[in-house]
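Architecture at a glance
The chain contents come next:
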Amino acid sequence: MFPYIIRRLLIAIPVLLGVTVFSFLIVNLAPGNPVEMFVNPDISQADIELKKEALGLNDPIYVQYFRWLGNLVQGDFGFSYSTYEPVLSMVAQRIGPTLLLMGTALIVAYLFAIPIGVLSATRQYSWLDYLSTSASFLGISIPHFFLGLGFIYIFAVQLHVLPTGGMNTLGSDEGFADTFKHLILPALVLAAGIAGRMVRYVRSSMLDILGQDYLRTARSKGLREFFVINKHAFRNALIPIITVIGIDVSVLIGGAVVTEQIFQWPGLGQLTIQSIGSRDYPTLMAINFLAAIAVLTSNLLADIFYSVADPRIKYD
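What you see is a predicted model; the values in this text were computed from it and never measured. (Residues numbered from 1 in each chain as written. Predicted model: local features only at pLDDT ≥ 70, side-chain atom pairs only at ≥ 80, totals over all residues. Heavy atoms only, no water.)

Digging into the side chain of serine 80
Cut-off, in case you're wondering: A run of DSSP states H or I qualifies as a helix once it reaches four residues; a run of E qualifies as a strand once it reaches two. Both are numbered from the N-terminal end. A simple rule labels every residue: compare its accessible area, found with a 1.4 Å probe on the protein chains alone, to the largest value its type can have, and call it buried under 20%, exposed over 50%, or partly exposed in between. Side-chain atoms alone can form a polar contact between residues adjacent in sequence; in general such a contact is a pair of N or O atoms within 3.5 Å, and within protein one must be able to donate a hydrogen while the other accepts it. What makes two residues a contact is simply this: any of their non-hydrogen atoms within 4.5 Å.
Turning to its location among the elements, serine 80 is positioned in the loop between helix H3 (61-73) and helix H4 (87-122). You can call serine 80 buried: its relative accessible area is 2%. Within polar-contact distance, the side chain of serine 80 engages the side chain of serine 82 at 3.2 Å. For serine 80, the contacting residues outside a window of four places in its chain are Glu85, Val87, Met90, Asp280 and Thr283.

Right, dumping it as structure tokens:
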């Protein structure tokens, strides 16, 4: 296993380089540039040109890329073009709220989706199966922004039971309880799509397993149905489920960008939107780089869990 992990980490290096090249091209070739943000009657064209020269924006794009890459190798993500703060410091402040939101959404989604998916498969064509299937399609289909605005209207505007956004109430001393109230709605919005997709995969995977001969053999030996399902069937259905969990990280990152903006959650998603608006290239590159690392790490962990779920899988 250890040599396999080392190989995967070595393979990840050119993949990360490819991601940075692609991201740098997309970010820098987009219309507009950071200096446009400085345009106002008090700044002359000469000052703007000096600013572009100071930021290195007049250099060829490959020179800019290798300068950024050289700084990255030294652990320097550069300075924000809009706030002049170190990008690493800005990302460090925002990553905690994003991890809290994404972690809560994943836990909530899997706690509900996996048992419901198993029950839906074991009770195929029952009212529970039809209800869970309809709910999962609804969760998959409804856009995050629409669901988020709907939740705000119902729970914040009409019922007044939850806040409309933010991470804490100004002047509140409730601590975690206050943060928890602010976390409920954005976490449910993110969890809805993940749970819907997971229910479908768990149900489908379990249906493939439930017809296998070894389960009939287990039942014929008098093994209780609870153990047949949870000990034999569910474990063998885990491989495709683990694959989906690995994919969910990338989906979650994309969903967090929209959800954090709707609920004004002070995480990396909201910082991404702000950076796009201000053409803050260094911050955007840092967020893209960290997102790529998160996706590669989740896929590596999924491969490792394959062998845990099924000992027949060996990595030489």
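Text resumes after the structure shown.
Observations regarding the packing of H4 against helix H5 (residues 127-141)
Note the cut-off: Every axis in this analysis is a line fitted to C-alpha atoms, fitted for helices over the stretch in contact. Angles between the N-to-C directions lie between 0 and 180 degrees. In what follows, roughly perpendicular refers to angles from 65 to 115 degrees, roughly parallel to angles under 35, roughly antiparallel to angles over 145, and oblique to any angle outside these ranges. Take the far helix as your reference; a near helix turned counterclockwise from it by less than a right angle gives a left-handed crossing, and one turned clockwise gives a right-handed crossing. Nonpolar residues are Ala, Val, Leu, Ile, Met, Phe, Trp, Tyr, Cys and Pro. Charged residues are Asp, Glu, Lys and Arg, and all others, Gly as well, are polar.
Where H4 contacts H5, the axes come no closer than 8 Å and their chain directions differ by 135°. The orientation of H4 with respect to H5, classified from their angle, is oblique. Here the hand of the crossing between H4 and H5 comes out left-handed. Contacts between H4 and H5 pair Ile116, Leu119 and Ser120 from the former with Leu128, Asp129, Ser132 and Thr133 from the latter. Across the contact of H4 with H5, the residue classes break down as three nonpolar, three polar and one charged.

Remarks on the packing of aromatic side chains
Note the threshold: Aromatic contacts are taken between Phe, Tyr and Trp rings whose centres are within 6.5 Å, Trp giving its six-membered ring; a plane angle under 30 degrees counts as stacked, one over 60 as edge-to-face, and the others as tilted.
Per the stated rule, a full pass over the model turns up nine aromatic pairs. Between phenylalanine 151 and phenylalanine 155, the aromatic rings sit 5.6 Å apart at their centres with planes inclined by 75°, giving edge-to-face as the arrangement. Linking phenylalanine 151 with phenylalanine 155, this pair stays in helix H6 (residues 144-158), spanning four residues, or about one helical turn. Here the aromatic cluster, defined as three or more aromatic residues joined through ring pairs, consists of Phe24, Tyr65, Phe66 and Trp68.

Here we look at the environment of leucine 252
Along the chain, the position of leucine 252 falls in helix H10 (residues 238-263). Residues leucine 252 and isoleucine 11, spaced 241 residues apart in sequence, show a C-alpha to C-alpha distance of 24 Å. Residue contacts for leucine 252: discarding those within four places in its chain leaves Met102, Ala105, Leu106, Leu190 and Ile194.

Side note on the side chain of threonine 179
Topologically, threonine 179 is positioned in helix H7 (residues 176-210). The class for threonine 179 is buried, based on a relative accessible area of 11%. Engagement of the side chain of threonine 179 in a polar contact is seen with the side chain of asparagine 168, the distance being 2.8 Å. In this structure, threonine 179 is in contact with Leu100, Met167, Asn168 and Trp265, ignoring residues within four places of it in sequence.

Thoughts on the pattern of salt bridges
Side chains that differ in charge, positive against negative, can pair when their charged atoms come close. To keep it simple, the criterion reads: The rule for a salt bridge is simple: a side-chain nitrogen of Lys or Arg has to be within 4 Å of a carboxyl oxygen of Asp or Glu.
A complete count under the given rule lists three salt bridges for this structure. Aspartate 59 serves as the salt-bridge partner of arginine 67, at 2.8 Å between the closest nitrogen and oxygen. Among the salt bridges present, the one from arginine 203 reaches aspartate 129, with a minimum N-O distance of 2.7 Å. Taken together, the residues span a long stretch of sequence, with arginine 203 in helix H7 and aspartate 129 in helix H5 at a distance of 74 residues. Look at aspartate 129 and you get buried, because its relative accessible area is 2%.

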